[in-house]
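# Per-entry structural report
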Amino acid sequence: INDILEHPYNLVVLNISKDGSDETKYNAEKIKELKQNGKYVLALLDLDEIQSYQFYWQEDWSIDHPKFIADQVSSQDFKLKFWKDGFKKRVIRRYLNRVLEQGFDGVYLLNVDGYRDWTDENTSITKRSRQMARLIQKIYKYGNKRVSRDFLVCIQNGLYLTQEAPEPWLSKFMTFTKGYSYDSTFYHGQDLSYLNQILVFLNNNGKKIFTIFYYNF
């Protein structure tokens, strides 16, 4: 935290703890200190994968997966069925309560484009994008009604959601999301013409567009 205080950047994105556990969580005083020094502080929240080292993980989940856990993608990471109610009740709500207790300004939502992995001949991109937009709206509403200021929601790798989510969910989604970032923006093989079209759309709608620097300490 002290290292971050020395940097001129006014947006900070943190895990809620150093290793996901209760023991190493950042206390509210540290978050407050960052904010008093002119920084907006957002907590990371993954909407595509769940991690077994996070404080909300329950021991029996490794043996008997809840319905919202799909496949194990690494030793500690599991693919999520983000639309399942169990994920909202058993993970999202607990995580947001911790975010609010620690005094974060909002959330930085990781891997929002994960909804695109769950389409097939029976499930359209329109359905999955609507489900993701609704989930993010619920996250915003849950946070916003529990703080005296506007609860900030920033999106990582969710640019295509702004083109694929149907109305009225797109309009609702655009009213409360504040910022967008995209990894590997100029990576070889990207369709830059379509990407630029989305970036212009976001800019015209007054959204902040970020390049993120990942800082390890």
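Scroll up to find the structure this text is about.
Residues numbered from 1 in each chain as written. Predicted model: local features only at pLDDT ≥ 70, side-chain atom pairs only at ≥ 80, totals over all residues. Heavy atoms only, no water.

## Considering the packing of helix H3 (residues 85-102) against helix H4 (residues 125-144)
The line we're drawing: A fitted line through C-alpha atoms serves as each axis, taken over the contacting stretch for helices, and the angle formed by two N-to-C directions is quoted from 0 to 180°. Helix and strand assignments follow DSSP, with helices taken as H or I runs no shorter than four residues and strands as E runs no shorter than two, numbered in order from the N terminus. Here the angle decides the label: under 35 degrees means roughly parallel, over 145 means roughly antiparallel, 65 to 115 means roughly perpendicular, and every other value means oblique. Handedness of a crossing follows from how the near helix is turned relative to the far one, being left-handed for an anticlockwise turn of less than a right angle and right-handed for a clockwise one. In what follows, residue pairs with any heavy atoms lying within 4.5 Å of each other are defined as contacts. The nonpolar class holds Ala, Val, Leu, Ile, Met, Phe, Trp, Tyr, Cys and Pro. Asp, Glu, Lys and Arg form the charged class, and all remaining residues, Gly among them, are polar.
Where H3 meets H4, the axes come as close as 10 Å, and the angle between the chain directions of the two elements is 40°. With respect to each other, H3 and H4 are oriented oblique. By crossing handedness, the relation of H3 to H4 is classed as right-handed. Between H3 and H4, the contacting residues are Phe-87, Lys-88, Ile-92, Arg-93, Leu-96, Asn-97 and Leu-100 on the first element and Leu-135, Lys-138, Ile-139, Tyr-142 and Gly-143 on the second. Of the residues contributing to the contact of H3 with H4, the split by class is seven nonpolar, two polar and three charged.

## Overview of the pairing of strand E5 (residues 77-80)
Which entries qualify depends on this criterion: A pair of strands is considered paired only if DSSP assigns at least 2 bridges between the two.
Alignment of strand E3 (residues 49-51) against E5, held across three bridges, turns out to be antiparallel. Looking at E5, one finds that Ile-50 is bridged to Phe-78. Pairing geometry for strand E4 (residues 69-72) and E5, over two bridges, is antiparallel. Residue pairing across strands places Gln-72 opposite Phe-78, the latter belonging to E5. The hairpin turn running from E4 into E5, its antiparallel successor, is four residues long.

## A closer look at the packing of aromatic side chains
Where two aromatic rings form a pair, the distance of their centres and the angle of their planes describe that pair. Stated formally: Centres within 6.5 Å make a pair out of two Phe, Tyr or Trp rings, where for Trp the six-membered ring is used; the pair is then stacked when the planes are under 30 degrees apart, edge-to-face when over 60, and tilted otherwise. Think of it in three bands: with a 1.4 Å probe and only protein chains considered, a residue is buried below 20% of the maximum accessible area for its type, exposed above 50%, and partly exposed in between. Charge over a ring is defined by NZ of Lys or CZ of Arg lying within 6 Å of the ring centre and within 35 degrees of the ring normal.
Across all of its chains, the model carries 14 aromatic pairs by this definition. A ring pair is formed by Phe-55 and Tyr-95, whose centres lie 6.1 Å apart and whose planes are at 25°; its orientation type is stacked. Taken together, the residues span a long stretch of sequence, with Phe-55 in the loop between E3 and E4 and Tyr-95 in helix H3 at a distance of 40 residues. In this structure, Phe-55 and Tyr-95 share a single accessibility class: buried. Taken together, a centroid distance of 5.3 Å and an interplanar angle of 80° make the contact between Trp-57 and Trp-61 edge-to-face. Trp-61 gets classed as buried once you look at its relative accessible area, which sits at 1%. By way of ring pairs, the aromatic residues Trp-57, Trp-61, Phe-68, Phe-78 and Phe-87 are connected into one cluster. The aromatic ring of Phe-55 is capped on one face by Arg-98, whose charged end is 4.0 Å from the ring centroid.

## Observations regarding the sheet that holds strand E9 (residues 208-210)
Through backbone hydrogen bonds, the strands of a sheet pair up, either in parallel or in antiparallel fashion. Ordered in space as E1-E2-E6-E7-E8-E9, the six strands form an open sheet in which the pairing is parallel. Only two strands of the sheet have a single neighbouring strand rather than two, namely strand E1 (11-14) and E9. Mean inter-strand twist for the sheet, computed between neighbouring axes without regard to direction, equals 30°. For strand E8 (residues 177-181) and E9, the ladder comprises three bridges, and the chain directions are parallel. Within E9, the position partnered with Gly-179 by the bridge is Lys-208.

## Quick notes on the packing of H4 against helix H6 (residues 169-176)
At a minimum axis separation of 10 Å, H4 and H6 run at an interaxial angle of 35°. Helix-helix and strand crossings are classified by hand; for H4 and H6 the assignment is left-handed. Touching Arg-130, Ala-133, Arg-134, Ile-136, Gln-137 and Tyr-140 of H4 are Trp-169, Lys-172, Phe-173 and Phe-176, all from H6.

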